Amino acid sequence: MLPIHEQFYTFQGEGAHAGRAAYFIRTFGCPVHCPWCDSAGTWHPDYIPKHINRLSIETLVDEVAKTKAEITVITGGEPAIHDLTKLVDALHGIGQKAHLETSGAFTIKGDLDWVTLSPKRWKLPLAENIALADEFKIIVDRVEALDEYSQMLSDLGANPTIPVWLHPEWSQHSNQALLDAITEWIKSHGAPYRAGWQMHKNYAADLKDARSAPAAPLGGDPTQGY
Ligand code: SF4
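Because the structure is predicted, anything quoted here is derived from the model rather than measured. (Residues numbered from 1 in each chain as written. Predicted model: local features only at pLDDT ≥ 70, side-chain atom pairs only at ≥ 80, totals over all residues.)

Regarding the overall build of the protein
- Of the regular secondary structure elements, the protein holds six helices and nine strands.
- What you see for the protein is a C-alpha radius of gyration of 17 Å, in line with the 17 Å of a compact globule of 226 residues.
- Over its C-alpha atoms, taken along the principal directions, the protein stretches across nearly 45 × 35 × 30 Å.
- By the burial criterion, 42% of the 226 residues in the protein qualify as buried.
- Considering only residue pairs separated by 6 or more positions, the protein has 68% of its internal contacts joining residues 24 or more positions apart. (Helix = DSSP H or I, 4+ residues; strand = E, 2+ residues; numbered from the N terminus. Rg over C-alpha atoms; globule rule 2.2 N^0.38 Å. Buried ≥ 20, exposed ≤ 12 C-beta atoms within 10 Å, placed from the backbone. Contact = placed C-beta atoms within 7 Å.)

Examining the site of the ligand
- Taken together, Cys-30, Val-32, His-33, Cys-34, Cys-37, Ser-39, Thr-42, Gly-76, Gly-77, Glu-78, Ser-103 and Lys-120 are the residues near the ligand.
- Among the residues forming the shell around the ligand, the class breakdown is four nonpolar, six polar and two charged. (Near = placed C-beta within 6 Å. Nonpolar A, V, L, I, M, F, W, Y, C, P; charged D, E, K, R; others polar.)

Thoughts on the pairing of strand 8 (residues 164–168)
- For strand 8, a buried count of five out of five residues is recorded, marking the element as mostly surrounded by other parts of the structure.
- What you see with strand 8 is no split at all: Val-164, Leu-166 and Pro-168 on one side and Trp-165 and His-167 on the other are buried throughout.
- Read from strand 7 (residues 135–140) through helix 4 (residues 145–155) to strand 8, the crossover connection turns out right-handed.
- Where strand 8 meets strand 9 (residues 193–195), three bridges bridge the pair, whose relative direction is parallel. Within strand 9, the position partnered with Val-164 by the bridge is Tyr-193.
- For the crossover from strand 8 across helix 5 (residues 176–189) to strand 9, the handedness is right-handed. (Right-handed = clockwise from strand over helix to strand, strands pointing away. Pairing = 2+ DSSP bridges.)

Examining the sheet that holds strand 5 (residues 97–102)
- Strand order in the open sheet made by the nine strands is 3-1-2-4-5-6-7-8-9, with mixed pairing throughout. Across the chains shown, the open sheet's two edge strands, defined by having one partner strand only, are strand 3 (53–55) and strand 9. Each strand of the sheet is rotated relative to its neighbour by a mean of 30°, with strand direction disregarded.
- In this sheet, strand 5 lies alongside strand 4 (residues 71–75) in parallel orientation, the contact comprising four bridges. Directly across from Val-73, in strand 5, lies its bridge partner His-99.
- Taken strand by strand, helix 2 (residues 85–93) contacts strand 1 (2–11), strand 4 and strand 5, and its axis lies near 145° from that of strand 5. (Axes fitted to C-alpha atoms, helices over the stretch in contact; angles between N-to-C directions.)

Focus: the packing of helix 1 (residues 57–65) against helix 2
- Between helix 1 and helix 2, whose axes approach to 10 Å, the crossing angle comes to 35°. The crossing of helix 1 and helix 2 is right-handed. In this structure, helix 1 uses Ile-57, Leu-60, Val-61 and Val-64 to contact helix 2, whose residues at the interface are Lys-86, Leu-87, Ala-90 and Leu-91.
- The residue inventory of the contact of helix 1 with helix 2, partitioned by class, reads seven nonpolar, no polar and one charged. (Left-handed = near helix turned anticlockwise from the far one by under 90°.)

Focus: the nonpolar core
- Residues Phe-136, Ile-138 and Leu-166 are the most contacted members of the largest nonpolar core, which totals 44 residues.
- The residues touching Leu-166, leaving out its near neighbours within four places in the chain, are Ile-138, Val-140, Leu-146, Ile-182, Trp-185, Ile-186, Tyr-193, Arg-194, Ala-195 and Gly-196.
- In this structure, Cys-34, Cys-37, Trp-43 and Ala-105 belong to the second largest nonpolar core, which totals seven residues. (Core = buried A, V, L, I, M, F, W, Y, C linked by C-beta atoms within 7 Å.)

Considering unusual backbone geometry
- With an omega of 15°, the peptide bond between Gly-76 and Gly-77 qualifies as cis.
- Topologically, Gly-77 is positioned in the loop between strand 4 and helix 2.
- The omega torsion across Ala-191 and Pro-192 is 10°, close enough to zero to call that bond cis.
- Within the secondary structure layout, Pro-192 lies in the loop between helix 5 and strand 9.
- Positioned with a positive phi, His-33 is a non-glycine residue whose angle comes to about 60°.
- Along the polypeptide, His-33 turns up in the loop between strand 2 (21–27) and strand 3.

Quick look at the structure:
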């Protein structure tokens, strides 16, 4: 059984697999507490639902099997606080690739096919997880975050050939100065940096599945934690 905040069928809106039909399983719980978290319903006391569903692996995988999803994305919250081994094995059993989106701050349990690691300054990634990453996703909440996270990945021994996506933190996606800083960073550094976007938000793709939970974006001061 896993505590599940929501599950829904949509497309992957970010990263190297953007645009592919994807089933999303969002687990409940996150100890990282980013002040601009866009999934605050998984942890913030002001947003968590009264009832948290605990679902069996079989129930989750049965729902995935009803779709034409190419991949199943296990996200959160912070999914790595849970043992994902049985879920990943069951997904493989129905021919699904299992992708993980994680802060990297907790030991990853499960034979994942793809790991997107999005480091957060409030709880740093484990070096062992840096080595597992297939792509990195930096949430650029202020211009200085470009230097900060680039240095962090280097200090943690990240493979310099692994793509590093630079995403504007969503509450600032119209902040031209921040967008310009990302553009200039990519132009001046080249690989492995790539401009990122949360494409599914423009499409409102997740909302087409009525089971998706209402968005609970905190916004907030990135210099502060909760
Ligand atoms: S953005 Fe991710 S890591 Fe940060 S608090 Fe939200 S769920 Fe946790």
